[in-house]
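Structural characterization, general
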Amino acid sequence: MTDFIVNLAYFIAAVLFIYGLKQMASPNNARSGIQWAGAGMVLATVITFIHPQIHSNYILMILAIGIGGGLAWYTGKRVAMTDMPQMIALYNGMGGGAAAAIAGVELLKRHDLPLGVQLMAVLGALIGSIAFSGSLVAFAKLQGIKAFSGVIRFKSQQMVNASLFGVTVLIGLVIAFSGTDYSLFTLFIFFVLALAFGVMMTLPIGGADMPVVISLYNALTGLAVGFEGYVLGNPAMMIAGIVVGSAGTLLTQLMAKAMNRPISNVLFSQFGGGTGEAQAVTGSMKAIESPDAAIMMAFAEKVIIIPGYGMAVAQAQHKIQELTKVLTERGVKVKFAIHPVAGRMPGHMNVLLAEAGVPYDMIYDLDEINEEFGTADVALVIGANDVVNPVARTDPNSPIFGMPILNADHAKNVIVIKRGQGAGFSGVENHLFFADNCRMLYGDGQKVASELVNAVKEL
Amino acid sequence: MDGFTALYIFMLAAFTGYEVISKVPVILHTPLMSGSNFVHGIVLVGAMVALGQAETGTETLIGFIAVLLGAGNAVGGYVVTERMLEMFKSSNKGASKA
């Protein structure tokens, strides 16, 4: 009877997860989607306390849920919207770690498992460990923790990583095929190497690629959870895990495609290794002051705003929303153009703008808006760089050549709000900034945006 | 569980995940990644089973860590996803609710 209740609850939970994800696919229902999925999670968790295979450690269980859940609740509620990407990485890493730990407990018992089950346990352990340590490094990089920030490379790194991976897989196979004969030491070494590989694999990857990497680890955690679900004979874990595994893989592909770089390129870091000489820049950067920029926009018919990660760093989204409001009140048509990889995650900018109160029907994708730049009087670039760099269209030697970009340079006037004169994340000089129709508005994004708001109001 | 039953489950789940994501507008990619991150928080359930069966000290310790991490995944994933989705508002609020 308990068996039946538990299985029924897991079945309902699996249905709710899929239904919830489906709801999340449309902006109007998205919020109810997560709530349905949340209900499924609560149901599954509560029912697990009467799971027939559980016979001890109830107090520890409640304690662990209290501590882990409490800390996650606290940090999740408190974190600023701009820091969301690394929090997702962190929580994802925890899931991967949990899957690996489940495998650890099962393998420690050395009960005589069928070969298929044992293989799955080892595979889940490997993938879960990589997702765990890899996600933590991704978190550290995005959080700006010094030791991990930047791109860490050394000689023959790829060889080292490949050998490390090979050895780890080999030990894993030995464990999987040796029935109950493997030693605990072998098991220990296996986990250590798998964790080390996750770290090594993530170290050479730069911040700009983190969204793709986090998405990949999200998919990996899903797979690990699915495999461990098989080991435990738990269909809810199998379904939820594999659904996330395949959804995450597709999402990773979509992101990599948006950057026009194959996933292998992201992982094995060919970025910045452009061959041949880059095209020389002609012209010079021309500065503009806020009052003049405000006049340009206030008397324009159409303004397209292109936000980038710089806007998030400067926390300028609220001021930009105000600017949008005062311009709209004057009858200026304002639209937002979002590049698929603007910010540190696809949709990152959308979330920030939504937080600031910009209605989402003013926000357009690259495909929807790129033709419109020709009819725009002003393109306002705030904190974006590589995604508006025309060399992606013109210079085959550039490392970002071929990446689809927003055609800001087609607008009659371009205003770029930027802190300093440096190059973008890719380290590529931006030819847009040197174009005749482009003016640079130097300063902190938030400060400049509020100057613009005041200047427009005074007109 | 029968290996082939498992294979069928994996296969159907994989297609389901693919279908669910393939129709999503770009603006929802981050919330959806976050949402799917929450969904694999179901690992908590497995972690509880592992801890509930643990006998030796080491097993108990690792099981405890598993539940701790799993709970963090599930709760944290839910909180950040909900906070993100809360922000999606249309400019014509009344109409969008319908």
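A brief structural summary. (Residues numbered from 1 in each chain as written. Chains lettered and ligands numbered in written order. Predicted model: local features only at pLDDT ≥ 70, side-chain atom pairs only at ≥ 80, totals over all residues. Heavy atoms only, no water.)

Contacts between the two partners involve 101 residues from chain A, matched on the other side by 79 residues from chain B. Between chain A and chain B, a total of about 8,100 Å² is buried, with carbon and sulfur atoms accounting for 78% of that surface. Here chain A is connected to chain B by 2 salt bridges. Here Glu59(B) and Lys109(A) are joined by a salt bridge, their closest N and O atoms 3.3 Å apart. Summed over the shared surface of chain A and chain B, the number is 17 residue pairs in polar contact (both at pLDDT 80 or more). Those elements that provide at least two residues to the side of chain A that touches chain B are α1 (2–23), α2 (30–48), α3 (58–78), α4 (84–109), α5 (115–143), α8 (210–232), α9 (235–258) and α14 (348–356) of chain A. Looking at the side of chain A that touches chain B, the element that brings in the most residues is α4(A), giving 16 residues. For the side of chain A that touches chain B, the residue count by class is 64 nonpolar, 28 polar and 9 charged. (Contact = heavy atoms within 4.5 Å. Buried area = accessible area lost by both parts, 1.4 Å probe. Salt bridge = Lys/Arg side-chain N within 4 Å of Asp/Glu carboxyl O. Polar contact = N/O pair within 3.5 Å; in protein donor to acceptor, adjacent residues only side chain to side chain. Helix = DSSP H or I, 4+ residues; strand = E, 2+ residues; numbered from the N terminus. Nonpolar A, V, L, I, M, F, W, Y, C, P; charged D, E, K, R; others polar.)

As a further point, take the environment of Val122(A). All names here are of chain A. Checked against the element boundaries, Val-122 lands in helix α5. Taking relative accessible area as the criterion, Val-122 reaches 6% and is therefore assigned buried. When sequence neighbours within four positions are dropped, the list of residues in contact with Val-122 reads Leu-107, Gly-172, Ile-175, Ala-176 and Phe-190. (Buried < 20%, exposed > 50% of the residue type's maximum accessible area, 1.4 Å probe, protein only.)

An ideal rise of 1.5 Å per residue puts 20 Å on 14 residues; helix α17 (residues 445–458) of chain A measures up with 20 Å between its terminal C-alpha atoms. For α17(A), the full list of buried residues reads Gly445(A), Val448(A), Ala449(A), Leu452(A), Val453(A), Ala455(A) and Val456(A). (Expected span 1.5 Å × (residues − 1).)

Residues and elements named next belong to chain A. Between α4 and α5, the shortest axis-to-axis distance is 7 Å and the interhelical angle comes to 155 degrees. Comparing the axis directions of α4 and α5 gives the class roughly antiparallel. Relative to α5, the crossing made by α4 is left-handed. Partitioning the contact of α4 with α5 into residue classes produces 17 nonpolar, 10 polar and no charged. (Axes fitted to C-alpha atoms, helices over the stretch in contact; angles between N-to-C directions. Parallel < 35°, antiparallel > 145°, perpendicular 65-115°, else oblique. Left-handed = near helix turned anticlockwise from the far one by under 90°.)

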